[in-house]
Amino acid sequence: MTLRDRTALLRQWIKPSSDSEQQRQDRAVRMIENAIKAHAEFSGTPIRVYAKGSYANKTNVRLDSDVDIVVENHDCQHFDYHGDYERPARTGNPYEGKWTPEKWRKEVTRALQGYFGDSDVDASGEVALAISEVTGSRPSADVVPSFDYRRYDDPNRRLAHSGSKVFKKSGGEVVNWPKQQLENGREKNGGWFGTGGRYKNYVRALKNAENALTRIGAIEPLPSYLMECLVWNVPNTVLTKSDLDRGFRATLQWLNENLDSSRFDQESWEEPNQLKYLFGSHQKWTVTNARTLISATWTLLEY
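Please read these numbers as outputs of a predicted model, since none were measured by experiment. (Residues numbered from 1 in each chain as written. Predicted model: local features only at pLDDT ≥ 70, side-chain atom pairs only at ≥ 80, totals over all residues. Heavy atoms only, no water.)

*Asks:* Which parts of the structure should I look at to understand the packing of helix H1 (residues 3–13) against helix H9 (residues 244–259)?
*Replies:* One can describe the packing of H1 onto H9 by two numbers: an axis separation of 9 Å at closest approach and a directional angle of 80°. Here H1 lies roughly perpendicular to H9, going by the angle between them. Note on element contacts: H9 touches H1 through Leu244, Asp245 and Phe248, opposite Leu3, Arg6, Thr7, Leu10 and Arg11. Grouping the constituent residues of the contact of H1 with H9 by class yields four nonpolar, one polar and three charged. (Axes fitted to C-alpha atoms, helices over the stretch in contact; angles between N-to-C directions. Helix = DSSP H or I, 4+ residues; strand = E, 2+ residues; numbered from the N terminus. Parallel < 35°, antiparallel > 145°, perpendicular 65-115°, else oblique. Contact = heavy atoms within 4.5 Å. Nonpolar A, V, L, I, M, F, W, Y, C, P; charged D, E, K, R; others polar.)

*Asks:* Help me understand the environment of threonine 59, please; the structure alone is not making it clear to me.
*Replies:* On the secondary structure map, threonine 59 appears in the loop between helix H3 (53–57) and strand S2 (67–81). The sequence separation of threonine 59 and tyrosine 225 amounts to 166 residues, and the corresponding C-alpha distance is 9.4 Å. Not counting residues up to four positions away in its chain, the partners in contact with threonine 59 are Ser54, Lys200, Val203, Arg204, Lys207 and Glu228. Within the local environment of threonine 59, its side chain forms a polar contact with the side chain of glutamate 228, the two groups lying 3.1 Å apart. (Polar contact = N/O pair within 3.5 Å; in protein donor to acceptor, adjacent residues only side chain to side chain.)

*Asks:* So what exactly am I meant to see when it comes to the layout of surface pockets here?
*Replies:* Regions of empty space are outlined by a rolling probe, equal in size to a water molecule, passed over the atoms. One number sums up the size of the largest pocket: a volume of about 1100 Å³. Taken together, 36 residues form the lining of the largest pocket, with Lys52, Asp68, Pro223, Tyr225 and Lys284 sitting closest to its centre. Counting residues per element, the ones that place at least two in the lining of the largest pocket are H3, strand S5 (141–152), strand S7 (173–176), helix H5 (178–190), helix H6 (198–215) and helix H7 (224–232). In terms of residues, the lining of the largest pocket owes the most to one element, S7, which gives four residues. Of the residues assigned to the lining of the largest pocket, the class counts are 13 nonpolar, ten polar and 13 charged. (1 Å grid on protein atoms, 1.4 Å probe; cavity = no way out; pocket = protein on both sides within 12 Å on 5 of 7 lines; lining within 4 Å. Points joined across faces, edges and corners; volume = space filled by probe spheres on them.)

*Asks:* Can you walk me through the pairing of S7 in this structure?
*Replies:* Look at any regular strand and the pattern is simple: side chains alternate between the two faces of the sheet. The pairing of strand S6 (residues 160–167) with S7 spans four bridges and is antiparallel. Residue pairing across strands places serine 164 opposite asparagine 176, the latter belonging to S7. Counting the residues between successive antiparallel strands, the hairpin from S6 to S7 contains five residues, one of them, glycine 171, with a positive phi of roughly 115°. (Pairing = 2+ DSSP bridges.)

*Asks:* What is the right way to look at the pattern of salt bridges in this model?
*Replies:* One side chain can pair with another of opposite charge once the charged atoms of both are near each other. The full count for this structure, using the stated rule, is 14 salt bridges. Residue lysine 98 pairs with glutamate 41 through a salt bridge whose shortest N-O separation is 3.2 Å. With lysine 98 in the loop between S2 and helix H4 (101–116) and glutamate 41 in the loop between helix H2 (19–38) and strand S1 (47–52), the pair connects residues that are 57 residues apart, well separated along the chain. Lysine 98 sits in the partly exposed class, given a relative accessible area of 38%. We classify glutamate 41 as partly exposed; its relative accessible area is 27%. For lysine 179, the salt bridge is made with glutamate 183, and the minimal N-O distance between the two is 3.2 Å. Of this pair, lysine 179 and glutamate 183 both sit in helix H5, four residues apart, which is roughly one turn of the helix. The partly exposed category is assigned to lysine 179, whose relative accessible area is 47%. Connected through salt bridges with shared partners, the residues Glu41, Lys98, Lys103, Glu107 and Arg110 form a single ionic network. (Salt bridge = Lys/Arg side-chain N within 4 Å of Asp/Glu carboxyl O. Buried < 20%, exposed > 50% of the residue type's maximum accessible area, 1.4 Å probe, protein only.)

*Asks:* Explanation requested: unusual backbone geometry in the structure shown.
*Replies:* Apart from glycine, the bulk of residues carry a negative phi angle, and the bulk of peptide bonds sit in the trans form. Of note in this structure, serine 242 is not a glycine but carries a positive phi near 50°. Position of serine 242 relative to the elements: it lies in the loop between helix H8 (236–239) and H9.

*Asks:* Teacher, can you tell me more about the side chain of aspartate 148 here?
*Replies:* As for its placement among the helices and strands, aspartate 148 is situated in strand S5. Overall, the relative accessible area of 8% leaves aspartate 148 in the buried class. Polar contacts involving the side chain of aspartate 148 include one to the side chain of glutamine 77, which spans 3.2 Å. Beyond its immediate sequence surroundings of up to four residues, aspartate 148 is in contact with Glu72, Asn73, His74, Cys76, Gln77, His78 and Gly163.

*Asks:* So what exactly am I meant to see when it comes to the packing of aromatic side chains here?
*Replies:* Each aromatic ring pair is specified by the distance between its two centres and by the angle formed by the two planes. Under the definition given, this model contains 18 aromatic pairs. Judged by centre distance (5.2 Å) and plane angle (55°), the ring pair of tyrosine 202 and phenylalanine 248 falls under tilted. Separated by 46 residues along the polypeptide, tyrosine 202 in helix H6 and phenylalanine 248 in helix H9 bring together distant segments of the chain. With respect to class, tyrosine 202 is no different from phenylalanine 248; both count as buried. Put simply, the rings of Phe42, Trp99, Trp104, Phe147 and Phe167 pair up and form one aromatic cluster. The ring of tyrosine 50 carries arginine 48 above its face, with NZ or CZ at 3.9 Å from the centroid. (Phe/Tyr/Trp six-rings, centres within 6.5 Å; stacked < 30°, edge-to-face > 60°. Lys NZ or Arg CZ within 6 Å of the ring centre and 35° of its normal.)

See below:
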């Protein structure tokens, strides 16, 4: 692959969704909002519906444009304390309303099925409810029934982080930080000390590389969020090096060197929200997955 060929490929890979794709994605969001508003069981319940993930953060790639939507219950708030200190005594009254995690998931499912039809809503997943694509009209969408959440980092509740808590279908829970991911990503991409667009460009490039490698059977499919997390950890000075091709080469080289077992430090890697470690037993991927992806991308582009 020549420099010219590789540059042309990267220029194609870094493109965001086309205008027509964006319109279909926006339509999917509006339809889910309408489905929730139309469900009588939700009358009087404060609910926030919003997009998260690659669509909201504008790191999605062309022809791979599913939408992640949060349907968040604000009738009650879940919380935890974080840090090494004595937990304060419980104060206030516990929530006694109707919205248990099981009922919330059930009613969000009913709302979507009532609007889209039973056959277009797959409720078998552990976390998300999957709405099928309608070609030319809307992309596929993953809808996550969630609750408002706070993580308190001091016993006096003065230092808090706002998040979203999801209860899995068969037990267990996951806390997401979409607001922090969105704000931090914007800052790294184009803020005062940002990367002039390189951050999100290279996220899309790495996602496209993973798609290409998966198609030819070189690697197993990986969650696209991993690619965003990997590029997030690359210093801005590396992302902004030279031209498009040499900058992406430097990005892959930095990732390869710092993921190497002799230099790897798990606690130095974080998600873009800056509130969760990138690697560990809580994740769907491993360090080996990341190393394999970066090595295979380097080979694919013939650096």
